[in-house]
Amino acid sequence: MEFITLDSGFGYDNEYPCEDDLNVLFTINQEHERFIFLNYTSVFRLRKVLQSEIHSVDDHAKSFLLSNLQDISNGKFDTKNERLLRLYS
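All of the points below concern the structure found in this document.

Scoring rules and cut-offs
Residues numbered from 1 in each chain as written. Predicted model: local features only at pLDDT ≥ 70, side-chain atom pairs only at ≥ 80, totals over all residues. Heavy atoms only, no water. Core = buried A, V, L, I, M, F, W, Y, C linked by side-chain atoms within 4.5 Å. Buried < 20%, exposed > 50% of the residue type's maximum accessible area, 1.4 Å probe, protein only. Helix = DSSP H or I, 4+ residues; strand = E, 2+ residues; numbered from the N terminus. Contact = heavy atoms within 4.5 Å. Lys, Arg positive; Asp, Glu negative; His and termini not counted. Salt bridge = Lys/Arg side-chain N within 4 Å of Asp/Glu carboxyl O. Polar contact = N/O pair within 3.5 Å; in protein donor to acceptor, adjacent residues only side chain to side chain.

## Here's the deal with the nonpolar core
So, point 1. If you look at the biggest cluster of nonpolar residues, it comprises 15 residues, and the most contacted ones within it are Val-24, Ile-36, Leu-38 and Leu-65.
So, point 2. Of all elements in the fold, only β3 (22–30), β4 (33–40) and α1 (59–67) reach the threshold of two or more residues within this core.
So, point 3. Once you skip the residues sitting within four places of it in the chain, Leu-65 turns out to touch Ile-36, Leu-38, Val-49, Ile-54, Val-57 and Ile-72.

What follows is the structure, encoded as structure tokens:
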């Protein structure tokens, strides 16, 4: 499996599989921005992406996010979990 070093969204770089399956674990909607938390399924590594920055992420993640953009924008993955909101907001 080939890996690429990318910004994790948490203040450090991490290695992510180039062609791994992705899932949206949850999103956090804060005022005028939505944080998207992605899971790379084979290695279970989290990555945080701002909805406004989808255009600047790697091609693999961008393709996945754009294909799910309507659900993301409509709040389908928004969490109400207080612990997640406290930790990641």
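Now, onward.
## Here's the deal with the side chain of Asp-20
So, point 1. If you trace the backbone, Asp-20 turns up in the loop between β2 (13–17) and β3.
So, point 2. Comment: no salt bridge for buried Asp-20; closest opposite-charge side chain is Arg-45, at 8.1 Å.
So, point 3. At 3.3 Å, the side chain of Asp-20 and the backbone nitrogen of Thr-41 are in polar contact.
So, point 4. Asp-20 has contacts with Tyr-40, Thr-41, Ser-42, Val-43 and His-60, leaving out every residue within four places of it along the chain.

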